[in-house]
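# Structure assessment
The primary structure of each chain is shown beneath.
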Amino acid sequence: TGTNTTMSMLREVFGDDPSVVYGPSCKSGPLGGDAQLVALAVTGQVGGCIFFIDPMDAHPHSADIECLVRQGNVHNILMANNPCTAHIIMNTFRVALKMGRMEMIPSFFFDLESPSVDAYKKR
């Protein structure tokens, strides 16, 4: 699952590899794709997000990007905004699946919230 741009790039890399299962494609980011990803995240349909943000470029959909990052934090899902973090997450993911250790990647198996959400609700 990802924005149209990301999913197109993944299909270029992995092609028709039968071991790769593609999720649904959202629209391109500036056309609402980031907002679609937010909707999937807040409804528990996304357990993690690799979402590279170009720090050297302006984004016409920066409000959507901020919303995606914020809701990733609110719902305590795995978030990787740069290649280094994504690399570590993927290695952890590989080890967790190989060893059957779902507690290593809890947002893929449980609906989570940031601890600050409970404090917010009590206000």
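Residues numbered from 1 in each chain as written. Predicted model: local features only at pLDDT ≥ 70, side-chain atom pairs only at ≥ 80, totals over all residues. Heavy atoms only, no water.

### Here we look at unusual backbone geometry
Counted only if it meets this: Helix and strand assignments follow DSSP, with helices taken as H or I runs no shorter than four residues and strands as E runs no shorter than two, numbered in order from the N terminus.
The phi dihedral of Asn76 falls on the positive side, at around 55°, and the residue is not glycine. Mapped onto the fold, Asn76 is located in the loop between α3 (62–74) and β2 (78–80).

### Digging into the side chain of His61
To keep it simple, the criterion reads: Buried, partly exposed and exposed residues are distinguished by accessible area as a fraction of the type maximum, computed with a 1.4 Å probe on protein chains only: under 20%, between the cut-offs, and over 50%, respectively. Between two residues, a contact is recorded if the distance between any of their heavy atoms is within 4.5 Å.
Here His61 is to be found in the loop between β1 (48–50) and α3. Among the residues examined, His61 registers a relative accessible area of 13% and is labelled buried. Beyond its immediate stretch of four places on either side in the chain, His61 contacts Gly29, Pro30 and Asp34.

### Concerning the layout of surface pockets
To find leftover empty space, a probe the size of one water molecule is rolled over the atoms. Our working definition: Lining residues are defined by having an atom within 4 Å of a point belonging to a cavity or pocket. Those points lie on a 1 Å grid over the protein atoms alone, cavities being sets where a 1.4 Å probe fits but cannot get out and pockets being open sets with protein on both sides within 12 Å along at least five of seven lines. Grid points are joined across faces, edges and corners, and a volume is the space filled by probe spheres set on the points. Polarity classes work like this: nonpolar for Ala, Val, Leu, Ile, Met, Phe, Trp, Tyr, Cys and Pro, charged for Asp, Glu, Lys and Arg, and polar for all others, with Gly in that last group.
Estimated volume of the largest pocket: approximately 1200 Å³. Around the largest pocket sit 41 residues that line it, and Thr1, Gly2, Thr6, Leu10 and Ile50 are the ones nearest its centre. The dominant element in the lining of the largest pocket, judged by the number of residues it contributes, is helix α1 (residues 4–14), at 6 residues. Looking at side-chain class alone, the lining of the largest pocket contains 27 nonpolar, 12 polar and 2 charged residues.

### Some remarks on the nonpolar core
In summary, soluble globular proteins display a tendency toward joint burial of nonpolar side chains. The following threshold applies: Among buried residues, those of type Ala, Val, Leu, Ile, Met, Phe, Trp, Tyr and Cys that are joined through side-chain atoms within 4.5 Å constitute a nonpolar core.
Membership of the largest hydrophobic core is limited to 12 residues, which are Cys26, Leu37, Val38, Leu40, Ala41, Val46, Cys49, Phe51, Ile65, Leu68, Ile77 and Met79. Secondary structure elements with two or more residues in this core: α2 (33–42) and α3. Of the residues forming this core, the biggest block, 4 residues, is contributed by α2. Ignoring any residue separated from it by four or fewer positions in sequence, one finds Phe51 in contact with Asp34, Ile65, Leu68, Ala80 and Asn81.

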